[in-house]
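Observations on the three-dimensional arrangement
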Amino acid sequence: DTAVSQTPKYLVTQMGNDKSIKCEQNLGHDTMYWYKQDSKKFLKIMFSYNNKELIINETVPNRFSPKSPDKAHLNLHINSLELGDSAVYFCASSQDQGPSAYNEQFFGPGTRLTVL
Amino acid sequence: SQQGEEDPQALSIQEGENATMNCSYKTSINNLQWYRQNSGRGLVHLILIRSNEREKHSGRLRVTLDTSKKSSSLLITASRAADTASYFCATDISNFGNEKLTFGTGTRLTIIP
């Protein structure tokens with residue numbers, strides 16, 4: 001059973017289009033995240049949600065809009081795609097959030113987005 | 001700038017040798033975590049060390065943490081070809097419930113059979 005799954009795995013699209021990436025976790029976790037990994041492998045957090053509530057928004061352009069219909073899902077919608085949006089996007093989840101010493105994160109396999 | 005930076009950026013060793021990677025960070029942390037990323041895959045959690053711990057072991061992995069120097073090291077003993085991957089440290093600097101992991105730049109480890 002896949003713990004954190006993302007679809008699609010690859011996404012190739014033209015500049016200016018709108019696209020969505022879906023993420024689901026079956027771990028019963030309360031917190032979910034979106035990360036962006038650039039071509040140099042630098043991984044940066046974009047958003048986090050706890051029980052469907054937005055907790056972290058790391059100065060991401062408002063073309064990126066996360067949506068959490070329930071605590072097991074966190075989707076990422078991107079409007080007006082730009083060349084610089086090309087990257088690998090990872091979804092992750094953790095049991096809870098807060099200053100706890102046990103918040104390891106479980107990552108999905110990633111979605112490679114290529115904007116032409 | 002990044003919270004964590006790994007050193008070296010790339011490391012190649014013979015199978016069976018030990019591999020050591022270092023991570024430096026800038027601000028006080030709650031815990032520090034190490035993750036592995038195989039090519040084309042997501043990150044996998046390896047080990048978590050709390051700010052009040054100095055050393056932790058898990059199988060062939062040994063992690064140390066020196067909060068006075070704001071640094072950590074990951075030692076992989078008796079390396080295997082399957083250990084070939086990128087390794088990232090991540091610092092948890094959550095405050096008042098806003099937990100956030102900040103990842104370092106990664107060390108690309110290659111094990112030569």
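Quick note: structure is the one above.
No experiment lies behind these values; they were computed from the predicted model shown. The numbering scheme is per chain: residues are counted from 1 as the chain's sequence reads. Lettering of chains starts at A and numbering of ligands starts at 1, both following the order in which they are written. Local features are withheld for residues below a pLDDT of 70 in this predicted model, meaning they are given only at 70 or higher, and side-chain atom pairs are given and counted only at 80 or more; totals for whole chains, interfaces and linings count all residues. The basis for every side-chain value is the complete set of non-hydrogen atoms in the structure, without hydrogens or water.

1. Some points on the overall build of chain A
We apply this condition: Helix and strand definitions follow DSSP, with helices as H or I runs of at least four residues and strands as E runs of at least two, each counted in order from the N terminus. Only C-alpha atoms enter the radius of gyration; for comparison, a globular chain is expected to reach 2.2 Å times N to the power 0.38, where N is the number of residues. Relative accessibility decides the category of a residue: with a 1.4 Å probe and only protein chains considered, values under 20% of the type maximum give buried, values over 50% give exposed, and everything between is partly exposed. Whether two residues touch is decided by their heavy atoms; if any such pair falls within 4.5 Å, the residues are in contact. Surface accessibility in these figures is a Shrake-Rupley result with a 1.4 Å probe; residues are shielded only by whichever protein chains are displayed.
When helices and strands are counted, chain A shows zero helices and eleven strands. Expected size for 116 residues packed as a compact globule is a radius of gyration near 13 Å; at 14 Å, chain A falls within 12% of this value. Over its C-alpha atoms, taken along the principal directions, chain A stretches across nearly 40 × 30 × 30 Å. Within chain A, the fraction of its 116 residues that count as buried is 45%. At a minimum sequence separation of 6, the contacts of chain A that also span at least 24 residues come to 56%. When the accessible area of chain A is evaluated, it comes to approximately 5,700 Å², of which 49% is carbon and sulfur surface.

2. As for the pattern of salt bridges
Proximity of charged atoms lets side chains of opposite charge pair with each other. For clarity, the threshold we go by: For salt bridges, the criterion is a side-chain nitrogen of Lys or Arg within 4 Å of an Asp or Glu carboxyl oxygen.
Under the counting rule described, the total for this entry stands at eight salt bridges over all chains. The residue E58 of chain A makes a salt bridge to K44 of chain A at a minimum N-O spacing of 4.0 Å. Remark: K44 of chain A occurs in strand β5 (residues 43-50) and E58 of chain A occurs in the loop between β6 (53-57) and β7 (64-70); sequence separation between them is 14 residues. A salt bridge links K56 of chain B to E53 of chain B; the shortest N-O distance between them is 3.9 Å. Look at K56 of chain B and you get partly exposed, because its relative accessible area is 28%. Three or more residues joined by partner-sharing salt bridges are found here, namely K44 and E58 of chain A together with K100 of chain B.

3. A short note on the pairing of strand β3 (residues 19-24) of chain B
Residue and element names in this part refer to chain B. Stated formally: The pairing criterion for strands is at least two bridges between them, as found by DSSP.
Only one face of β3 is covered, namely the one carrying A19, M21 and C23; the face carrying T20, N22 and S24 has none of its residues buried. With three bridges connecting them, strand β1 (residues 5-7) and β3 associate as antiparallel partners. Paired with E5 across the bridge in β3 is S24. The sheet contact formed by β3 and strand β8 (residues 71-76) spans six bridges and is antiparallel.

4. Focus on the state of the cysteines
Under the convention used in this document: A pair of sulfur atoms, both from cysteines and within 2.5 Å, is called a disulfide here.
The full count for this structure, using the stated rule, is two disulfides over all chains. At a sulfur-sulfur separation of 1.8 Å, the disulfide partner of C23 of chain A is C91 of chain A. On the sign convention where negative means left-handed, the S-S torsion of about -75 degrees between C23 of chain A and C91 of chain A marks this disulfide as left-handed. In this pair, C23 of chain A sits in strand β3 (residues 19-25) while C91 of chain A sits in strand β9 (residues 87-94), placing the two residues 68 residues apart along the sequence. With relative accessibility at 0%, the residue C91 of chain A sits in the buried group. Between the sulfur atoms of C23 of chain B and its disulfide mate C89 of chain B the distance is 2.0 Å. Residues C23 of chain B and C89 of chain B share a disulfide whose torsion about the S-S bond is about 65 degrees; that sign makes it right-handed. With a gap of 66 residues between them, C23 of chain B in strand β3 and C89 of chain B in strand β9 (residues 85-92) connect regions that are remote in the sequence.

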